[in-house]
Amino acid sequence: MNKIEFTPVGQEETVGFFVVEETRIAGVSYLLVTETEDDEADAYILKDLSKDGEPEANYVFVEDEAELEAVSKIFAELLEDVDFQL
């Protein structure tokens, strides 16, 4: 798994996540990430809000329940051996 570093807005310290999977839905990029490489790790779905051509991605946690459910179904199809619990 690739590890990526994020710098939260207003902070100088970075936070690291392991990218489990990525997908693009209706022109929007989503990442499925975990804090550890453990099989039982909590997973988060991040959404890229940056515009095309911007030099840096702007990822935020998906919080909308309908969007979270829809995107988690896509990731579940991509990762057949993963069980999602919302």
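So, how was this worked out
Residues numbered from 1 in each chain as written. Predicted model: local features only at pLDDT ≥ 70, side-chain atom pairs only at ≥ 80, totals over all residues. Heavy atoms only, no water. 1 Å grid on protein atoms, 1.4 Å probe; cavity = no way out; pocket = protein on both sides within 12 Å on 5 of 7 lines; lining within 4 Å. Points joined across faces, edges and corners; volume = space filled by probe spheres on them. Helix = DSSP H or I, 4+ residues; strand = E, 2+ residues; numbered from the N terminus. Nonpolar A, V, L, I, M, F, W, Y, C, P; charged D, E, K, R; others polar. Pairing = 2+ DSSP bridges. Axes fitted to C-alpha atoms, helices over the stretch in contact; angles between N-to-C directions. Contact = heavy atoms within 4.5 Å. Phe/Tyr/Trp six-rings, centres within 6.5 Å; stacked < 30°, edge-to-face > 60°. Buried < 20%, exposed > 50% of the residue type's maximum accessible area, 1.4 Å probe, protein only.

A. Broad picture of the layout of surface pockets. Approximately 410 Å³ is the volume attributed to the second largest pocket. In terms of lining residues, the second largest pocket is bounded by 15 residues, among which F6, T7, P8, N58 and Y59 are the most central. Contributions of two or more residues to the lining of the second largest pocket are made by strand 1 (2–6), strand 2 (15–25) and strand 5 (59–61). Here the residues of the lining of the second largest pocket sort into 11 nonpolar, 2 polar and 2 charged.

B. The arrangement of the sheet that holds strand 5 in detail. Read from one edge to the other, the open sheet built from 5 strands follows the order 1-2-3-4-5, with strand pairing classed as antiparallel. Looking along the sheet, the strands with just one partner apiece sit at the ends: strand 1 and strand 5. The mean inter-strand angle of the sheet, taken between neighbouring strand axes irrespective of direction, is 45°. Across 5 bridges, strand 1 lies against strand 2 in antiparallel orientation. Pairing of F6 across the sheet is with V15, part of strand 2. Helix-sheet contacts for helix 1 (residues 65–78) involve strand 2, strand 3 (28–34) and strand 4 (43–48), and the interaxial angle to strand 2 is about 90°.

C. Structural context of the packing of aromatic side chains. Enumeration according to the criterion identifies 5 aromatic pairs in this entry. Measuring from ring centre to ring centre gives 6.2 Å for F17 and F61, while their planes differ by 80°; the resulting arrangement is edge-to-face. Separated by 44 residues along the polypeptide, F17 in strand 2 and F61 in strand 5 bring together distant segments of the chain. For F17, a relative accessible area of 6% puts it in the buried group. Following the ring pairs from residue to residue traces out a cluster consisting of F6, F17, Y44, Y59 and F61.

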